[in-house]
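# Examining the three-dimensional arrangement
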Amino acid sequence: MTEPCRSSVYRLSMTTQGPLYPPSEVMNTDGDFVVIGTITRAQPDGSVAAAPGRAIVSADSPLPEFGSTLPYRIVRELPEELSAEDEAMVLATLPLPLPCSNYTAVMAPQQQPEPFSVTRPSYPFHQAPIPDLQPEDGPKVTAPVTLGQWVKARGSLTVTLAEDSTAAEFRGEFSGLIPESLYTVMAIRRRDMDPDGPAHPSPLGVPNVFVADEEGNGRYRAVLPDPFPAADAPNSADRLVNFVVLWMSYQQNYGGAVGHHGLGADIHAQLRLDAPGFAEFTTRPRNGDGK
């Protein structure tokens, strides 16, 4: 009988993208999406293909129904080797209501039960209006955050099962982050693909925060109960499939929620797995009878 996998190490990829809509969780100050992740394009036969890429994408790109894709309206391609002008591009939050978004899940149902009624402009990251901030408080992110800074992010994740397979430890090591700023970690679970479901995207551990040091390095550790239930388990929809490192433009943490608005308004994916992972792991509940 083959022994179950007990530990794996994963490389995290730098990105600006969460789901495909909105196309990115990062904008430039021209109001276009800065997409490093998956690009949807029209094919000669009229179909739509999604493939890894980099591009500046218009905020008025056509919006499909949830679960479908339409070609992004590409303003221009971004080369792998960024020009000096692209490196200096100032990054910004998405406005509210979110443009080109078809994900209707409420991120913080107790704290912000009606997020889609909020109107807010896009702000350069370093000018996001942190609630109750006073200048004498000493804000640490005061210079523009540029694309050249953003793409330096690197990270690895080690996942280790507990001896009894009822829990797993997650250890992340990160470099090239925005120095002296707040980051959080988000769990992507199978259930999160249903925007009308009862759950909302959740933290990976609570509290789910770490602060990058003055050189942009960071570490994170959490132990989760039964994060990889089997496909036939009652809680199979809770199975964790991705690990996402989020930069917090408002320098806030939200307890049991990942953000008030999500998807580029107040959280910004910077590191994640390229594709759903952790298939080698299976866990079980401690009490043996499911959740």
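Now for a quick tour of the structure. Per-chain numbering applies: the sequence of each chain, read as written, is numbered from 1 onward. Per-residue local features are limited, in this predicted model, to residues with pLDDT of at least 70; the limit for side-chain atom pairs, both in listing and counting, is 80 or more; totals at the level of whole chains, interfaces and linings are taken over all residues. Neither water nor hydrogens contribute to the side-chain values; these are computed over all heavy atoms in the structure.

## Let's talk about the nonpolar core
Side-chain atoms within 4.5 Å link the members of a nonpolar core, which is a set of buried Ala, Val, Leu, Ile, Met, Phe, Trp, Tyr and Cys residues. Using a 1.4 Å probe on the protein chains alone, a residue whose accessible area is under 20% of its type maximum counts as buried, one over 50% counts as exposed, and one in between counts as partly exposed. With 44 residues, the main nonpolar core has Phe170, Leu204, Phe243 and Phe278 as its most contacted residues. The dominant element in this core, judged by the number of residues it contributes, is strand S13 (residues 240-248), at four residues. Residue contacts follow a heavy-atom distance rule, with two residues in contact if any of their heavy atoms lie within 4.5 Å. The residues touching Phe278, leaving out its near neighbours within four places in the chain, are Tyr10, Leu157, Val159, Phe228, Arg239, Leu240, Val241, Asn242, Phe243 and Leu273. With 33 residues, the next largest nonpolar core counts Val35, Ala55, Ala265 and Ile267 among its residues. Runs of H or I in DSSP of at least four residues are treated as helices and runs of E of at least two as strands, each being numbered from the N terminus.

## Structural notes on the pattern of salt bridges
By convention in these notes, a salt bridge is any Lys or Arg side-chain nitrogen within 4 Å of a carboxyl oxygen on Asp or Glu. Inspection of every chain in the model, using the stated rule, returns 11 salt bridges. Put simply, Asp86 and Arg76 hold a salt bridge, and the shortest N to O gap is 2.6 Å. One end of the pair, Asp86, is in helix H1 (residues 84-87); the other, Arg76, is in strand S5 (residues 74-77), with 10 residues separating them in the sequence. What emerges from the salt-bridge pattern is a single network uniting Glu169, Arg171 and Arg221.

## Here we look at the pairing of strand S1 (residues 7-14)
Strand pairing requires that DSSP identify at least two bridges connecting the strands. Of the strand pairs in this sheet, S1 and strand S7 (residues 154-161) are connected by six bridges, and their pairing is antiparallel. Bridge pairing in S7 places Val9 opposite Thr158.

## Focus: unusual backbone geometry
In the segment running from Tyr21 into Pro22, the intervening peptide bond is cis, with an omega of 0°. Residue position: Pro22 is located in the loop between S1 and strand S2 (27-28). In this chain, Leu96 is followed by Pro97 through a cis amide linkage whose omega measures -5°. Examined against the element boundaries, Pro97 turns out to sit in the loop between strand S6 (91-92) and helix H2 (147-150). Its identity as a non-glycine residue notwithstanding, Asp226 has a phi of 45°, on the positive side. Secondary-structure assignment places Asp226 in the loop between strand S12 (218-225) and S13. Owing to a relative accessible area of 2%, Asp226 belongs among the buried residues under this scheme. Phi angles above zero are rare outside glycine, and Phe278 is one such case at about 75°. On the secondary structure map, Phe278 appears in the segment after strand S14 (267-272).

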